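Coordinate inspection notes
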Amino acid sequence: MPSTAKIPVFYSFHFANDVFRVQQVRNMGVIEDNSPVSVNEWEEIKRKGDLNIKKWIDENMAYRRCVVVLVGSETASRKWVRYEIKKAYDSGKGLFGVYIHNLKDPRNGASIRGANPFDNFTINNGQQKLSSVIQCYDPGYDAYRGIASSMSGWVAAAIAQAKYR
């Protein structure tokens, strides 16, 4: 499988709940990702309203080839995660999810597994759930090792699949 070390991705996640888990994934250094936004920067973006949030997402996702949804306990219900999933799919970007509930947050430890966020979308005029065509991987109990060893393959597979949608 070709190297994905230089393929730029956009991480979609529930900031408040999962930022520490997401940092672990970013720090694996397996793939190129977008620069993380700090808590203060995110609060400033949010304070300026929904149009500013959409603008930030659109700008940061624009040149990314793949969107990786890092799925925690509440990710599927998050308004901006849903926006990012729809935008990624509609733009023909590679798209997939990874359950991160077994990555340990230093404050709270592991978490419960969240719902598949792709279950919230339908395709083919409402006849099919998006989750039937977009993968959401569970890296298992040793999530760190599972993600680190599989992420580049998942990215490559999602990009290849996007070409045939």
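Use the structure listed above.
From a predicted model like this one, the values you see are computed outputs, not experimental measurements. (Residues numbered from 1 in each chain as written. Predicted model: local features only at pLDDT ≥ 70, side-chain atom pairs only at ≥ 80, totals over all residues. Heavy atoms only, no water.)

Per the secondary structure count, the protein includes 5 helices and 7 strands. Its helices and strands in sequence order give the protein the pattern β-α-β-α-α-β-α-β-β-β-β-α, from N to C terminus. Referenced to the eigenvectors of the C-alpha coordinate spread, the extents of the protein come out at roughly 40 × 40 × 30 Å. When the 165 residues of the protein are sorted by exposure, 45% land in the buried category. The long-range share in the protein, meaning contacts at least 24 apart out of those at least 6 apart in sequence, stands at 73%. (Helix = DSSP H or I, 4+ residues; strand = E, 2+ residues; numbered from the N terminus. Buried < 20%, exposed > 50% of the residue type's maximum accessible area, 1.4 Å probe, protein only. Contact = heavy atoms within 4.5 Å.)

This part takes up the packing of aromatic side chains. Taken as a whole and assessed by the stated rule, the structure comprises 6 aromatic pairs. Between the aromatic rings of Trp80 and Tyr83, the centroid separation amounts to 5.8 Å while the plane-to-plane angle is 75°, which identifies the pairing as edge-to-face. Placement of both Trp80 and Tyr83 in helix H4 (residues 79–90) is noted, with a separation of 3 residues, approximately one turn of the helix. Judged by relative accessible area, which is 23%, Tyr83 ranks as partly exposed. Judged by centre distance (5.8 Å) and plane angle (70°), the ring pair of Phe96 and Tyr137 falls under edge-to-face. Taken as a pair, Phe96 in strand S4 (residues 94–99) and Tyr137 in strand S7 (residues 136–137) lie far apart in primary sequence, 41 residues in all. The rings of Phe96, Tyr137 and Trp154 are connected pair by pair, giving a single aromatic cluster. Lying across the ring of Tyr99, Arg113 places its NZ or CZ 3.7 Å from the centre. (Phe/Tyr/Trp six-rings, centres within 6.5 Å; stacked < 30°, edge-to-face > 60°. Lys NZ or Arg CZ within 6 Å of the ring centre and 35° of its normal.)

Even without being a glycine, Asn124 presents a positive backbone phi close to 55°. In this model, Asn125 sits at a positive phi of 60°, which is unusual for a non-glycine residue. Turning to its location among the elements, Asn125 is positioned in the loop between strand S5 (122–123) and strand S6 (128–129).

Here Asp18 lies in helix H1 (residues 15–27). Those residues in contact with Asp18 that sit more than four places away from it in its chain are Gly72, Thr75 and Ile100.

What follows deals with the nonpolar core. Grouped together as the largest cluster of nonpolar side chains are 48 residues, with contacts concentrated most on Val68, Phe96, Ile147, Met151 and Val155. Looking at this core element by element, the count peaks at 7 residues for helix H5 (residues 143–162). With sequence-adjacent residues up to four places away left out, Met151 is seen in contact with Tyr11, Val25, Val30, Ile31, Val68 and Phe96. (Core = buried A, V, L, I, M, F, W, Y, C linked by side-chain atoms within 4.5 Å.)

This next bit is on the packing of helix H2 (residues 39–47) against helix H3 (residues 50–61). Interhelical geometry of H2 versus H3 gives an angle of 130° and a closest axis separation of 6 Å. On the basis of their axis angle, the class for H2 and H3 is oblique. Counting all contacts with H2, which are made through Trp42, Ile45 and Lys46, the residues of H3 involved are Asn52, Ile53 and Trp56. (Axes fitted to C-alpha atoms, helices over the stretch in contact; angles between N-to-C directions. Parallel < 35°, antiparallel > 145°, perpendicular 65-115°, else oblique.)

Okay, the pairing of S4 next. Along a regular strand, successive side chains alternate from one face of the sheet to the other. Among the 6 residues in S4, 6 count as buried, and that is most of the element. Burial along S4 is two-sided: Gly94, Phe96 and Val98 facing one way and Leu95, Gly97 and Tyr99 facing the other are all buried. As judged from the 6 bridges shared by strand S3 (residues 66–71) and S4, these two strands associate in the parallel manner. Residue pairing for S4: Cys66 is matched across the bridge by Gly94. Since S3 and S4 lie parallel, the crossover through H4 that links them has a hand, and here it is right-handed. When S4 meets S7, the two strands line up parallel, connected through 2 bridges. Looking at S7, one finds that Gly97 is bridged to Cys136. (Pairing = 2+ DSSP bridges. Right-handed = clockwise from strand over helix to strand, strands pointing away.)

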